[in-house]
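# Structural description and commentary
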Amino acid sequence: MLYIDSIVNGIVIDHIKVGYGFKIFNYLGLNNVDCRVALIMNSPSKKCGKKDMIKIENVMDLDLTMLGFIDPNITVNIIENEKIKEKISLSLPEKIEGVIKCKNPRCVTSTERNIKHIFVLTDEEKGIYRCQYCDHIYDTWEE
Amino acid sequence: MLKGRHLIGSEDFTIRELEEIFKLADEIIEDQDSFLDSCHGKILGTLFYEPSTRTRLSFESAMLRLGGNVIGFSEAASSSVKKGESIPDTVRTVGSYADIIAMRHPKEGAPRLASFYSPVPIINAGDGGHQHPTQTLTDLLTIRNTKGQFSNLTIGLCGDLKFGRTVHSLIKALSKYENNSFVLISPQELKIPDYIKSDVLDKNNIKYIEVERLEDVMSSLDILYMTRVQKERFFNEADYIRLKDSYILDSKKMDLARKDLIVLHPLPRVNEISYEVDTDPRACYFQQVNFGMYVRMALMLKLLGVR
Ligand SMILES: [Zn+2]
């Protein structure tokens, strides 16, 4: 088995759906940080067969709000002195700005330049987001 | 408070706020003369990125009857838009000349975008297939002033229920009132979208039936809202021939209806209402045009904070 050091202080983002680890890695801008970061893909999991995982040494000020949108099953653990100090539960962000694009070809965002695509959570139970301009529903995380 | 607000979607205002507008519209109808100068010195900007003469004239006449003035353009080709000016820049510019803006745009969400940048109230005068809230206000004022109420009504909606945005908005609006039921009359191809059934009708426990032929349900209706059925929307010729007459309102069908039915239509009509129906006292679609102007007068007075 591939061996990766456990971290002393930092963040572990766990139970990421296979294939999404790299997307999240990029989304969080982890290619530009100077601490130790491990992206583990296709790691065996008791819960779901296989999973991706990200370990980041040193707790940083990360904007994790989008993780809940990408996949609410992701778990985030804050590690201090090699122990889990805190489990952060993810919730869906109220607003998503400039991350996903409206796919409605009749939407004003398809022709106007320089405007931020904004989505608003309109049904928390079902996790439905709508384009703030045209009300078009955004279904899944596909980029 | 409606002063300074925008009207982008037909659900932007609460029932109470709508009532405020309708009451003011009644005052205007009652005594038009006392409103002749109420918008003296005010300017309406009409930004029509696509032509819609009917809607534009309704807004313009509304402002002129209040003693205000109008500036604007009636199609994108003749304006700076042609030169590639963005919506935010256009509304910031026009918003420094005008006190209120009515905007029509072929792209969905354009008026919402405009409202983020405009220094003055934006009224959505239609954005593609998305929203047309002043049509809904018009429909509601007409119902209020002909039926006297918004509840205990059986509302028949006939024709293209799939793409008809005014139909969707009207269902949403009337679903907020007590004890209304809907009769949805359309060919299979043009049935009401599922999300209207699940998110509006079923969610609020509202009774509705779906039928194919208008003549079968004529006698049960308090209101009949007609829309146009385009031949191109049918999947096959046989269905079109079998059903086409079911979506044309004529005197024969009117004979089946109640005495206190009202017939509405967002206009313009093509052939879905025969001319012979026009003289029937139950035909209210020309009155509806009139109410459309009054409700726009009331709306602008409220958003401008004049009344
Ligand atoms: Zn959109």
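Everything here concerns the structure above.
In what follows, the accompanying structure is described. (Residues numbered from 1 in each chain as written. Chains lettered and ligands numbered in written order. Predicted model: local features only at pLDDT ≥ 70, side-chain atom pairs only at ≥ 80, totals over all residues. Heavy atoms only, no water.)

## Considering the overall build of chain A
Within chain A, the secondary structure is distributed over 2 helices and 9 strands. Listing the helices and strands of chain A from first to last along the sequence gives β-α-β-β-α-β-β-β-β-β-β. Projected onto the principal axes, the alpha-carbon positions of chain A cover approximately 50 × 30 × 25 Å. For chain A, buried positions account for 43% of its 143 residues. Pairs at least 24 residues apart make up 58% of the contacts formed inside chain A by residues separated by at least 6 positions. For chain A, the exposed surface amounts to about 8,700 Å²; the carbon and sulfur share of it is 49%. Computing the positive centroid from 19 side-chain charges and the negative centroid from 21, chain A places the two 4 Å apart. (Helix = DSSP H or I, 4+ residues; strand = E, 2+ residues; numbered from the N terminus. Buried < 20%, exposed > 50% of the residue type's maximum accessible area, 1.4 Å probe, protein only. Contact = heavy atoms within 4.5 Å. Areas by Shrake-Rupley, 256 points an atom, 1.4 Å probe, with all protein chains shown as cover. Lys, Arg positive; Asp, Glu negative; His and termini not counted. Charge placed at Lys NZ, Arg CZ, Asp CG, Glu CD.)

## So, the interface of chain B and chain A
Contacts between the two partners involve 14 residues from chain B, matched on the other side by 15 residues from chain A. Buried area between chain B and chain A, summed over both chains or domains, comes out near 1,200 Å², and the portion from carbon and sulfur atoms is 48%. Three residues stand out in chain B for area buried against chain A, namely Lys107, Glu108 and Leu113 of chain B, and they jointly supply 47% of the buried area on that side. Counting every contact that joins chain B to chain A gives 1 salt bridge. With its nearest N and O atoms 2.9 Å apart, the salt bridge here joins arginine 106 of chain A to glutamate 108 of chain B. Taken together, the elements giving at least two residues each to the side of chain B that touches chain A come down to α3 (87–94) and α4 (110–117) of chain B. (Buried area = accessible area lost by both parts, 1.4 Å probe. Salt bridge = Lys/Arg side-chain N within 4 Å of Asp/Glu carboxyl O.)

## Some details on unusual backbone geometry
Following leucine 267 of chain B, the chain continues into proline 268 of chain B via a peptide bond in cis, with omega recorded as 5°. Its location among the elements puts proline 268 of chain B in the loop between β9 (262–264) and α10 (285–304). At aspartate 135 of chain A, a residue that is not glycine, the phi angle is positive and equals roughly 70°. Within the element layout of this structure, aspartate 135 of chain A appears in the loop between β8 (128–131) and β9 (137–138). Phi at asparagine 179 of chain B is positive, roughly 55°, even though this residue is not glycine. Assignment of secondary structure puts asparagine 179 of chain B in the loop between α6 (165–174) and β6 (181–185). Judged by relative accessible area, asparagine 179 of chain B falls into the exposed class, the value being 53%.

As far as function goes, none of this settles anything; it's purely spatial.
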